[in-house]
Amino acid sequence: MKKAGAKKPLPFFCMKPMKLNTTLFELGVLDRLAEQNTPLHRLDPRAKLITTLGFIFTVVSFNRYEISALLPLTIYPVFLIGAGDLPGRYLFKKILIASPFALFVGVFNPFFDRAPMVMLHGVAISAGWISFASVVLRFVLTVSAALALIGITGFNAICMALSRIGVPRAFIIQLLFLYRYLFVLTDEGLRMVRARSLRSFKGRGTGLKIYANMLGQLLLRTMDRAQRIHRSMLCRGFDGEIRLNREFSFTIHDLVFCLFWLSFFGLARSFNLSLLLGQLASRMTA
Amino acid sequence: MHMADALLSPTVGGVMWAASGGLVVYCSRKLRDATDGMSVPLMGVMGAFIFAAQMINFTIPGTGSSGHLGGGMLLSILLGPYAAFLTIASVLVVQALFFADGGLLALGCNIFNLGFFPCFIAYPLLYKPLAGENPTRGRIIAGSILGAVLSLQLGAFGVVLETMASGISELPFHVFVMLMQPIHLAIGVVEGLVTAAVALFIFSARPEILRIAAGHAAATGFSMKKVLAVLGITAILTGGALSWFASAYPDGLEWSMAKTSGKEELEAPEDGVHGALASLQEKTAFLPDYAFKASQGEAVEAEPVEPAWPAVEAGASVSGIVGGGLTLLLAGAVGLFLKNRRKPV
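The shown structure was predicted, so the numbers you read here are calculated from the model rather than taken from an experiment. (Residues numbered from 1 in each chain as written. Chains lettered and ligands numbered in written order. Predicted model: local features only at pLDDT ≥ 70, side-chain atom pairs only at ≥ 80, totals over all residues. Heavy atoms only, no water.)

1. Quick notes on the nonpolar core
For clarity, the threshold we go by: Remark: nonpolar core denotes a set of buried residues (Ala, Val, Leu, Ile, Met, Phe, Trp, Tyr, Cys) joined through side-chain atoms within 4.5 Å. Relative accessibility thresholds used throughout: buried, under 20% of the residue-type maximum; exposed, over 50%; partly exposed, between the two (1.4 Å probe, protein chains only). Contacts are residue-level and defined by heavy atoms, with any inter-residue pair within 4.5 Å sufficient.
Leu73 and Phe155 of chain A together with Phe49 of chain B are the most contacted members of the largest nonpolar core, which has 169 residues in total. Sequence-distant contacts of Phe155 of chain A, that is, excluding residues within four places in its chain, are made with Asp31, Ile150, Leu175 and Tyr179 of chain A together with Val93, Val94, Leu97 and Phe98 of chain B.

2. Looking at the interface of chain B and chain A
Put simply, the rule reads: Simply put, the buried area is the total loss of 1.4 Å probe accessible area from both parts when two parts are fitted together. Salt bridges, as used here, are contacts in which a Lys or Arg side-chain nitrogen is within 4 Å of a carboxyl oxygen on Asp or Glu. Side-chain atoms alone can form a polar contact between residues adjacent in sequence; in general such a contact is a pair of N or O atoms within 3.5 Å, and within protein one must be able to donate a hydrogen while the other accepts it. Helix and strand definitions here come from DSSP, where helices need a minimum of 4 consecutive H or I residues and strands a minimum of 2 consecutive E residues; each element is numbered from the N-terminal end. Each residue gets one label: Ala, Val, Leu, Ile, Met, Phe, Trp, Tyr, Cys and Pro are nonpolar, Asp, Glu, Lys and Arg are charged, and the others, such as Gly, are polar.
Taken together, the contacts link 108 residues of chain B with 111 residues of chain A. With both chains or domains summed, chain B and chain A bury close to 9500 Å², and 77% of this area falls on carbon and sulfur atoms. Our enumeration of links across chain B and chain A arrives at two salt bridges. Here Asp224 of chain A ties to Arg206 of chain B by a salt bridge, and the two come within 3.0 Å at their closest N and O atoms. Taken together, the links from chain B to chain A amount to 10 residue pairs in polar contact (both at pLDDT 80 or more). Mapped onto the side of chain B that touches chain A, the elements with two or more residues apiece are helix H1 (10–34), helix H2 (39–55), strand E1 (58–59), helix H4 (81–98), helix H6 (137–166), helix H7 (173–205), helix H10 (252–261) and helix H13 (314–341) of chain B. If one sorts the elements of the side of chain B that touches chain A by residue count, H13 of chain B sits on top with 17 residues. Residue composition of the side of chain B that touches chain A, grouped by class: 72 nonpolar, 25 polar and 11 charged.

3. Examining the environment of Met3 of chain B
Residue position: Met3 of chain B is located in the segment before H1. Relative accessible area serves as the criterion here: at 0%, Met3 of chain B is assigned to the buried category. Between the alpha carbons of Met3 of chain B and Ala333 of chain B there is a distance of 33 Å; along the sequence they are 330 residues apart. In contact with Met3 of chain B, other than residues within four places in its own chain, are Phe101 of chain A together with Leu8, Gly102, Gly103, Ala106, Cys109, Asn110, Val159, Glu162 and Thr163 of chain B.

4. A word on the packing of aromatic side chains
Residues and elements named next belong to chain A. The criterion, for reference: For this analysis, a ring pair means two rings from Phe, Tyr or Trp (six-membered ring only for Trp) whose centres lie within 6.5 Å, classed as stacked if their planes differ by under 30 degrees, edge-to-face if by over 60, and tilted for the remaining angles.
Tallied over the full model, the rule gives 24 aromatic pairs over all chains. Taking the centre distance of 4.9 Å and the plane angle of 40° together, the rings of Phe55 and Tyr76 count as tilted. With Phe55 in helix H3 (residues 45–60) and Tyr76 in helix H4 (residues 75–83), this pair connects stretches of sequence that are 21 residues apart. Take Phe55 and Tyr76: they sit in the same class, and that class is buried. Ring geometry for Phe79 and Trp261: centres 5.1 Å apart, planes at 45°, overall tilted. Of this pair, Phe79 sits in helix H4 while Trp261 sits in helix H12 (residues 252–270); the two residues are 182 residues apart in sequence, bridging distant segments of the chain. Judged by relative accessible area, Trp261 falls into the buried class, the value being 5%. Clustering of aromatic rings is evident, with ring pairs tying together Phe55, Tyr76, Phe79, Phe260, Trp261, Phe264 and Phe265.

5. Some points on the side chain of Gln95 of chain B
All names here are of chain B. Relative to the assigned elements, Gln95 resides in helix H4. Residue classification places Gln95 among the buried residues on the basis of a relative accessible area of 9%. When sequence neighbours within four positions are dropped, the list of residues in contact with Gln95 reads His2, Phe51, Gln54, Ala100 and Asp101.

Quick look at the structure:
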């Protein structure tokens, strides 16, 4: 039994990486999370993909001043993180550092929409702040759902799901190839950066000319690699078609998962569940 | 400048998904007809190259801050428009899934903004005529810089239009444009310089690569008309379908505004793209507003404590906040329960 309040150590692959390797590392973490074996991981990737898209669609379909009706939807990403045994703290940090574009644009709302909207104990809150809070909430919900999706499914399985849904084969193969060589090439890029920083001081060597030479070298090596890959593919009987050898079956579990969540999203879209809950609570306490 | 889910409306997201999806299908067809098999691994590793290139930073001349390559224009130059478009799209898919850059619904917008403009506007209309069949150093530089600037300007403008049409952000159109365009002019110039420098390196080290790419683009028979036709048809079809769908069911805006405020007009700004879209939606709708006015009436009657935001009713907002807090607690409890359930006992 662990001491109460003791911090649960993060899994080894969630620990703080070396600064240089961050990007590469991030890619690996989510994919390794997807290798776990929980009931959620065992679901058909199509079911998870469709349900998550349904979730995002539901979240963005609310009007821009909505906050309370959005809150019940947090249950979906929380469920994915909990049942999928994903490191919640790690994902939360990832959401915090994720692309700030939405927040950057949303933060202007309070400046342009100053009409008071809510009175709370005599303090008026303007419509702009409400809609900004709504943007932040949408951002957290959509981003966490997408990250959880990859954490419980894995990239390859998502590609398979896409291909079964009807995305063109050429694009699927492109995605799989890209993902496979991502690790190889980012490694190569990192080695070049490390070599450059070992040989130069005070930021020298980061000028455009050397940068272009490095990038060009990397590009040439990449193209040579493509040629070698192509040759070895030909040696193994490549005929222009890549066969994806993984079968999925859409079972009753998958159906139940999809139907349950999609109907919950429908419910949360049609009724303001938190308001109902709040009224219920105040009626009971009154 | 990755567009984010949080700023999108379902209609805009859906239309852009359809447009980008149509382009992906079209490019896949084109490549299947034309390739010798070599382009399969080449496109794959070139996508990975973009990620690798983003790990190498450089000092932006004159500023001291560091930047990295975006890559749309460079890919068009090296692979030709179709392969480049698919490669950019695949890079964006990985970014959306792993780095939460943009979002899944915004993926359509991002593929369009960052893929369509360099591949199908800047490359055929600027780079190709400027660099020509037998490129020289000067021509490559001019083509790369102008191409990168144009595609980033258009991409940034695309972001502005999509945000405006979605109606989540309150930023006035001109302010947003004035924020986005100058920043992306600077980014575009830097991107153009890098693209030119790398293209020149390739040109002096292995000129045949550029020639092959140019030839490849010519061999696949580029036709702007077809690209535009594909785009137009998918956009119209899905736009129409989505707006019907959206109005046949409780339209997000009207319905919930009516529910929370008691009046529908509060929300709709008549001016701007969003207003235009909304009025278009109203005109094309199956059941314009009719059917669910009745159901609104019922809803109001059924729930005695209707919240009325502007008419400052403390009770309603308090129970909204209490309920919201309870909901969050509930969600947290479910998460904790699930988490603890699977701990080994």
